[in-house]
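Architecture at a glance
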Amino acid sequence: MTRAFLPTRFLAAILLGLLAAACTTVQPRPPVPTAPVIDPQLAQRYAAIETEKFKVPAVDLADLQPRYARKLVDYPTKHAPGTLVVDPHNRFLYLVQEQGKALRYGVGVGKAGLEFSGTAIVERKAQWPRWTPTRDMIRREPQRYAKWAGGMAGGESNPLGARALYLFKNGRDTLYRIHGTNEPETIGEAVSSGCIRMMNQDVIDLYNRIPSGSKVVVL
């Protein structure tokens, strides 16, 4: 019986092909990036507002930690409905509701040593308020605040944002405010000069829900 042999040149070609394949690393295809899933209700809640005296830009949801978005939560408390409870440690403000519920808003709070605590009353409310830095603020950072000693008119660049609630205690101005901000990315941080800051969309919502004279408890 006769054996069939492949020509030498064919054997060499096959061997070279196998060696080349063994030295080649097959790179996996990179994953195709997918767009982040955005809750349409959240996007609508923090969309730009065009009906105000000044434009309120949309909140960039990429900068918003989901826990600080406005929502209705369980909140059993001894405080009466309509009370505002501020929890600076966890960066929340609660508007107490009936049946153990509360509307919870994310907030920015004062730097260490600049916070207010205790009870107060919302003595007045203002839309697109004028802002005047306190004497302590000017003394601490004169280069930043001295030029506004006479006040800054309300507007898109005003640090108090679209709304302000003025906190009084025993008939006297505490100089602390609950107000909007043109820096929504700071919600959840301790960055202010003692005041409680909210996203403009949230402070407008809160402003529309409470009357002057509402009780405020800062833990």
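Parameters at a glance
Residues numbered from 1 in each chain as written. Predicted model: local features only at pLDDT ≥ 70, side-chain atom pairs only at ≥ 80, totals over all residues. Heavy atoms only, no water. Helix = DSSP H or I, 4+ residues; strand = E, 2+ residues; numbered from the N terminus. Buried < 20%, exposed > 50% of the residue type's maximum accessible area, 1.4 Å probe, protein only. Areas by Shrake-Rupley, 256 points an atom, 1.4 Å probe, with all protein chains shown as cover. Contact = heavy atoms within 4.5 Å. pLDDT = per-residue confidence, 0-100. Pairing = 2+ DSSP bridges. Axes fitted to C-alpha atoms, helices over the stretch in contact; angles between N-to-C directions. Salt bridge = Lys/Arg side-chain N within 4 Å of Asp/Glu carboxyl O. Phe/Tyr/Trp six-rings, centres within 6.5 Å; stacked < 30°, edge-to-face > 60°.

1. A short note on the overall build of the protein chain
Tallying secondary structure elements over the protein chain gives five helices and eleven strands in all. A burial count over the protein chain gives 39% of its 219 residues as buried. Of the accessible surface of the protein chain, which amounts to about 13,800 Å², a share of 54% is contributed by carbon and sulfur atoms.

2. So, the side chain of D205
Inspection of the secondary structure puts D205 in helix α5 (residues 200–209). Residue class for D205 comes out buried when judged on its relative accessible area of 15%. Those residues in contact with D205 that lie beyond four places of it in its chain are R70, L103 and Y105.

3. A word on the confidence of the model for the protein chain
Model confidence for the protein chain is summarised by a mean pLDDT of 86, while 81% of its residues fall at 70 or above. Within the model, the stretch residues 19–25 combines pLDDT values under 50 with zero contacts to residues more than four positions away or in other chains.

4. With respect to the sheet that holds strand β4 (residues 101–106)
Strands pair in a sheet through their backbones, by hydrogen bonds, and they do so in one of two ways: parallel or antiparallel. Pairing within the open sheet is mixed, and its nine strands lie in the order β1-β4-β3-β2-β11-β6-β7-β8-β10. Each of the sheet's edge strands pairs with one partner strand only, and the pair in question is β1 (71–74) and β10 (196–199). On average, adjacent strands in this sheet sit at an angle of 30° to one another, irrespective of strand direction. Two strands pair when backbone bridges link them, and strand β2 (residues 84–87) and strand β3 (residues 92–96) are joined in this way by four bridges, in the antiparallel orientation. When the bridges of β3 are listed, D87 appears paired with F92. Packing against the sheet, α5 makes contact with β2, β3, β4, β6 (118–127), β7 (163–169), β8 (172–181) and β10, and its axis sits at approximately 105° to β10.

5. Structural notes on the pattern of salt bridges
The tally for this structure, following the rule as stated, stands at nine salt bridges. For D74, the salt bridge identified is with K101, shortest N-O distance 2.4 Å. Here K101 lies in strand β4 and D74 lies in strand β1, a separation of 27 residues in the sequence. The exposure class of D74 is exposed, given its relative accessible area of 56%. Its salt-bridge partner being R209, residue D205 comes within 2.8 Å of it at the nearest N-O pair. One end of the pair is D205 and the other is R209, both in helix α5 and four residues apart, which spans about a single turn.

6. Focus: the packing of aromatic side chains
Tallying each qualifying case throughout the model produces five aromatic pairs. Residues Y68 and F92 carry aromatic rings whose centres are separated by 5.6 Å and whose planes lie at 55° to one another, so their mutual orientation is tilted. Remark: F92 occurs in strand β3 and Y68 occurs in the loop between α2 (40–45) and β1; sequence separation between them is 24 residues. There is no split in this pair, since Y68 and F92 are both buried. Seen in terms of ring centroids, W131 and Y145 are 6.0 Å apart; in terms of plane orientation they differ by 65°. Their pairing is edge-to-face. With W131 in the loop between β6 and α3 (135–140) and Y145 in helix α4 (residues 142–145), this residue pair connects regions lying 14 residues apart in the sequence. The exposure class assigned to W131 is buried, which follows from its relative accessible area of 9%. Here the aromatic cluster, defined as three or more aromatic residues joined through ring pairs, consists of Y68, Y75, F92 and Y94.

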